[in-house]
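Results of the structural survey
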Amino acid sequence: MHKNRFSRIGFILAAAGSAVGLGNIWKFPYITGDNGGGVFVLVYIATVFLIGMSIFIGEVLLGSSTNKNAVTTFETLAPKEKQYWKYTGFTFLTGLLILTFYCVVIAWIFNYIVMSVTALPTSFKESEEIFMSFLKEDIYTQFIYYTLTFIMVAYTISKGVKKGIEKLNNILMPSLIGILVILLIYSIQLDGFMKAVDFMFMPNFDKFHSSSIIVAVGHAFFTLSIGMVTILTYAASLDKNTNIVKASAIVVIMDTVIAIMAGLVIFSITFTAGQEPSKGPGLAFIILPAIFHEMGTIGIFLSLLFFIALAFAAITSAVSIIEPAVMYLVERRNVSRQKATYGVALFAYILGIFVLLSNTSAFSESLTFGSKNLFDWFDFISSAILLPFGGIMIAIFIGYVLDKEILRKAIVPYTGEVFYRIWLFSIKYLAPFAVFVLMLKESGIITLN
Ligand code: PFF
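Before going into details, it helps to say that this report is about the structure given with it.

Turning to unusual backbone geometry, a few remarks are in order. What is expected of a backbone is that most residues other than glycine have negative phi and most peptide bonds are trans. For Asn67, which is not glycine, the phi dihedral falls at a positive 55°. Note that Asn67 resides in the loop between α3 (38-66) and α4 (70-77). Residue Asn67 is classed as buried on the basis of its relative accessible area of 11%. Phi is positive for Asn334, which is not a glycine, with a value near 55°.

Here it is as C-alpha cells:
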C-alpha cells in the first residue's frame, strides 16, 4: 500500500467526515423545520440520491483515476485542445470562503461546549440574549476559539493524509456516531419522539413551496461536500482497486442517516419542551440550550454531548476544505506540505477575521454590503452560487468531455450496465438542469414561491 494514501475504510471515514458537518447537525434540522418537514425531507433524500450521489461518484472517479490534485486531474483527463479545464482550480476559492464562516461557527460551538458545564441559559429569552451578546459583543472569546480552530485544522493537514487526516477521522467519526446513537436512544423515550417522526416523515404540504425544492438541491451539494473538488482530492489519495460506487454509496448513506438522526434528536427534544421546530438558525444555539437547562443534570450531560458531536462533525469537514489547495501547491508549486498548509490556513484565517467581525456591533456597519454582512455574503456566494456552479462543471466534464470508455471501465465492472446508464443520465441531464434552475432562482432571474 502507498504510504501516503488512505486505506479503504480510511477513505470512507474521511469522506464521510468531510460530508457530515454543520450541514447535517445544524443546518439540516433547521431548514427542515423552516420548510415544514415531511415533504421537504422526501425531496431532500431524492435529490441527494438522484443528483448528489451521481456527482459524488463522478468526483471519486476523477480523483482516483489520476491520483493527482484537481488541476492536474482535469488537465490530464481533458482532451489536448481543451486545456481551459485546468482553470477549474477556481473552486479552491469556494473552499476558502466556506472555511472562513465555517470556522467562525466552530468557534461558537466551542463556546457552547464550555457553557454546557458552566451556565446554560435559564429561559428562551435569556438564551437569545446570551447568543446575541456573544455574537455581537464578545469579540475576544470568539477570536480565541476561532484561532484555536485554525491551529487544530492546520496541524492536522500539515501531518499529511495518513498521519493527519486519516488518523483524525478514525477517532472523531466513530465517536461522533457513538454520541449520536446515545442521543437518539435517549430521544426515543421522550414524549415528543413520535411527533418528531411524524414531522419528519409525514408529508405536509402547508409549508412546502416550490422554492423548498431549490433549498433541497442547494443543501444536497453542501452536505455531500461536492462541487468544490474536495471529494475529488480525497479520492486522489484512495488506494487502487476500490469499488468506487460502493464506497460513494456508503458515504452518501452515512451522511443522510446522520442528518436524519440529528433531526430526530433535535425535534424530539424541541417537541417535548412544547416548542416549534421552525426557529431558523437559532434552533441549535438558542432553543436547545434553554431546553437543556430545563432538563436539569441530564440536560447538562446532553448539551455537552450534543455540542461535542457538532464540533467533531465540523472539524473533520473544515480539515477537508483546505486539502484541495494544499495538495495543488505541494504537487504543482513544489512547496513543502507544511508551508502549503500554513500559507493557505493563514490566508483563510485572516480573511475569516473580517467574517467574524462582520457579526459584531462594532464592525457590522463597515462590513455590511447591501443587504448582507460579510458572513452572510460568503455563505450565500459559496453555497448558492459557487458550489452549484462547480457541480455543474464537474457534471459537464464527465458527461460531455471525458472519454466514455474511461467512464464505462470505471463503473460498469462494479455495477452493471443499467446502473451505469441511470448514473450517466443523471450526470448529463438531471444534475445540470437542477443546478441551472437553482442558479436562476438564486440570481433572482426567476422567482418561486
Ligand atoms: N459537507 C459539509 C457539511 O455538511 O457541513 C460542508 C462542506 C465541507 C462543504 C467540505 C464543502 C466541502 F468541501
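There is more to say, and it comes next.
The next subject is helix α14 (residues 297-332). Helix length check: α14 (36 residues) gives 54 Å between terminal C-alpha atoms against 52 Å at 1.5 Å per residue, within 8%. Maximal helix bending in α14 amounts to about 35°, located at Glu323; proline Pro324 follows within four positions. Remark: Asn334 follows α14 within two positions and exhibits a positive phi of approximately 55°.

Further remarks concern the site of the ligand. Surveying the vicinity of the ligand reveals 14 residues, the closest of which are Ala19, Gly23, Tyr102, Phe222 and Thr230. Backbone polar atom of Leu22 to an oxygen atom of the ligand: 3.0 Å apart, as the coordinates give it. One nitrogen or oxygen atom from the main chain of Phe222 is found 2.8 Å from a nitrogen atom belonging to the ligand. Relative to its unbound accessible surface of 330 Å², the ligand loses 100% to contact with the protein. More than half of the atoms of the ligand fall within 2 Å of the grid points belonging to the largest cavity. Elements with a contribution of two residues or more to the shell around the ligand: α1 (8-19), α2 (22-34), α10 (210-224) and α14. The element best represented in the shell around the ligand is α2, accounting for 3 residues. Of the residues assigned to the shell around the ligand, the class counts are 6 nonpolar, 8 polar and no charged.

Bringing the pattern of salt bridges into the picture now. For the coordinates displayed, the defined rule picks out 6 salt bridges. Among the ionic pairs, Glu75 bridges to Arg332, the shortest N-O distance being 3.0 Å. Of the two residues, Glu75 sits in helix α4 while Arg332 sits in helix α14, which places them 257 residues apart along the sequence. Looking at Glu75, the relative accessible area reads 21%, which means it is partly exposed. Here Arg421 ties to Glu417 by a salt bridge, and the two come within 3.1 Å at their closest N and O atoms. Of this pair, Arg421 and Glu417 both sit in helix α19 (residues 417-442), 4 residues apart, which is roughly one turn of that helix. You can call Arg421 exposed: its relative accessible area is 55%.

By the secondary structure assignment, Ile396 is in helix α17 (residues 374-401). Measuring from C-alpha to C-alpha, the distance between Ile396 and Lys428 comes to 6.7 Å, with 32 residues separating the pair along the chain. Apart from residues lying up to four places away in sequence, Ile396 is in contact with Trp85 and Val401.

With 12 residues, α1 ought to run about 16 Å at 1.5 Å a step, and its terminal C-alpha atoms sit 17 Å apart, in line with that. Taken together, the buried positions of α1 are Gly10, Phe11, Ile12, Leu13, Ala14, Ala15, Ala16, Gly17, Ser18 and Ala19.

Below, the discussion takes up the packing of helix α7 (residues 139-158) against helix α8 (residues 160-188). Two elements in contact, α7 and α8, have axes whose closest approach is 6 Å; the angle formed by their N-to-C orientations is 135°. As judged from the angle between their axes, α7 and α8 are oblique. For the pair formed by α7 and α8, the contact residues are Thr156, Ile157 and Ser158 on the first element and Gly160, Gly164, Ile165 and Leu168 on the second.

A word on empty space enclosed by the protein. The full count for this structure, using the stated rule, is 1 cavity of 30 Å³ or more. Volume-wise, the largest cavity comes out at about 140 Å³. Taken together, 16 residues form the lining of the largest cavity, with Ser18, Tyr102, Phe222, Ser225 and Ile321 sitting closest to its centre. At the level of elements, α1, α2, α5 (91-118), α10 and α14 are the ones that each hand at least two residues to the lining of the largest cavity. Each residue belonging to the lining of the largest cavity can be placed in one class, and the counts come to 8 nonpolar, 8 polar and no charged.

Basis of the calculations
- The residue numbers shown here count from 1 along each chain, following its written sequence.
- Per-residue local features of the predicted model are confined to residues with pLDDT of at least 70, and side-chain atom pairs are confined, for both listing and counting, to 80 or more; whole-chain, interface and lining totals are unaffected and use all residues.
- To get the side-chain values, all heavy atoms of the structure are used, and hydrogens and water are removed first.
- Helix and strand labels come from DSSP, where a helix needs a run of H or I of at least four residues and a strand needs a run of E of at least two; each type is numbered from the N terminus.
- Buried, partly exposed and exposed residues are distinguished by accessible area as a fraction of the type maximum, computed with a 1.4 Å probe on protein chains only: under 20%, between the cut-offs, and over 50%, respectively.
- By this rule the span expected of a helix is its residue count minus one, scaled by 1.5 Å.
- Note on bend: the value at a residue is the angle between axes fitted to the seven residues ending there and to the seven starting there.
- Near residues are defined by distance, with any heavy atom within 4 Å of the molecule or strand qualifying the residue.
- Under this definition, polar contacts are N or O atom pairs within 3.5 Å; protein pairs additionally need one hydrogen-donor-capable and one acceptor-capable atom, and for neighbouring residues in sequence, both atoms have to be side-chain atoms.
- Values of accessible area rely on a 1.4 Å probe in the Shrake-Rupley scheme; residue burial ignores everything except the protein chains shown.
- Lining residues are defined by having an atom within 4 Å of a point belonging to a cavity or pocket. Those points lie on a 1 Å grid over the protein atoms alone, cavities being sets where a 1.4 Å probe fits but cannot get out and pockets being open sets with protein on both sides within 12 Å along at least five of seven lines.
- Each molecule is assigned to a cavity or pocket provided more than half of its atoms lie within 2 Å of the corresponding grid points.
- Lys, Arg, Asp and Glu make up the charged group, whereas Ala, Val, Leu, Ile, Met, Phe, Trp, Tyr, Cys and Pro make up the nonpolar group; the residues left over, Gly among them, are polar.
- Take a side-chain nitrogen of Lys or Arg and a carboxyl oxygen of Asp or Glu: if they are within 4 Å of each other, that pair is a salt bridge.
- Between two residues, a contact is recorded if the distance between any of their heavy atoms is within 4.5 Å.
- Axis angles are defined between N-to-C directions and span 0 to 180 degrees, where every axis is a line fitted to C-alpha atoms and, for a helix, only to the segment in contact.
- When an angle is under 35 degrees it counts as roughly parallel; over 145 it counts as roughly antiparallel; between 65 and 115 it counts as roughly perpendicular; any other value is oblique.
- Grid points are joined across faces, edges and corners, and a volume is the space filled by probe spheres set on the points.

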